[in-house]
Amino acid sequence: MMVFFAALFVFIWSTGFIVGKAIVPYADPTLFLFVRICIAAVLFTGVALYGRVTWPPWREVHKHMIAGVLLQGMYLAGIFWAIAGGVPPAIMALMGALQPLLTAAIAIPLLKEVPTKRIWIGLTMGMVGVFFVIQPALNNDGVNAFPLWAFLVGVAAILAITFGTILQKTSISQVDIRVALSLQNFGTLIFLGICVLVLGADRWVWSPELWASLLWAAFVLTGIGTVLLIYIIRRGQAATASSLMFLAPPLAAIEAYFMFGDTLGPIQLLGFIVVLTGVIICNTRKGAKA
């Protein structure tokens, strides 16, 4: 069952890159994220209230909200802002591939989770595989053409999801996942609402493509994808859970090939195989300590 959940999560998470590209002509990314999280916050709150599950005490609420800001708000918005500032998507994808390695390293002192040699090998293979997948785009993008601030925003986004992942393994993991996601989405909602006001994000062109992207992002990407991510993190080591994210860029490249006619060459297919092998190594029973 966990294999099915992991495969479903990877597929759903990979479509986030496709949604990000599809909405460019129709909406400001920050406003789109805000509306997406509004829907998700109402959805999870309704589910939690319907299920009559126990809510955490007020002194714990801020932890959930911070986790949401890190895992979704700062991460998603940071990626959009970095790319809008000039960082090529390929460079951003390569930076994102560092996240599982950072999670593994930081989890050692904070969570006392020491990855085995097998997991380190799998993480390294995943990183190499992602590089193969995006290598053609690296050759085409001007890697020195973007400002330092945009690069730093991208780094901040990767650090945000890294610490957000680790935070999911702390005391907040004892709370029912429906309640946790309600609070986390409301934390993200506040963060993105402030960003929309400060940035003056108001571009919204009504279209079937935008509506389809919004419904998929709110109900599938956030509604199902985030549930699966937090469930997988709670069930295993932070490093092995994060390793699944290596598969998102290769799958997105394949999806973009069929949907947008993007390039998909032999080296990218080789990269997909390397990434898949690395993730399998990370997530086999010998490689993970629950």
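What counts and how
Residues numbered from 1 in each chain as written. Predicted model: local features only at pLDDT ≥ 70, side-chain atom pairs only at ≥ 80, totals over all residues. Heavy atoms only, no water. Helix = DSSP H or I, 4+ residues; strand = E, 2+ residues; numbered from the N terminus. Rg over C-alpha atoms; globule rule 2.2 N^0.38 Å. Buried < 20%, exposed > 50% of the residue type's maximum accessible area, 1.4 Å probe, protein only. Contact = heavy atoms within 4.5 Å. Areas by Shrake-Rupley, 256 points an atom, 1.4 Å probe, with all protein chains shown as cover.

From N to C terminus, the protein chain includes 12 helices and 0 strands. Each helix and strand of the protein chain, ordered N terminal to C terminal, gives the series α-α-α-α-α-α-α-α-α-α-α-α. For the protein chain, the C-alpha radius of gyration of 18 Å lies close to 19 Å, the compact-globule estimate for 290 residues. Over its C-alpha atoms, taken along the principal directions, the protein chain stretches across nearly 50 × 50 × 35 Å. Put simply, the protein chain has 290 residues, and 51% of those count as buried. Pairs at least 24 residues apart make up 90% of the contacts formed inside the protein chain by residues separated by at least 6 positions. Total accessible area on the protein chain stands at roughly 13400 Å², and carbon and sulfur atoms take up 73% of it.

Right, let's get into the environment of Phe 5. With respect to the helices and strands, Phe 5 occurs in helix α1 (residues 2-22). For Phe 5, a relative accessible area of 21% translates into the label partly exposed. Sequence separation between Phe 5 and Phe 163 is 158 residues; the distance between their C-alpha atoms is 23 Å. Once you skip the residues sitting within four places of it in the chain, Phe 5 turns out to touch Leu 228, Tyr 231 and Ile 232.

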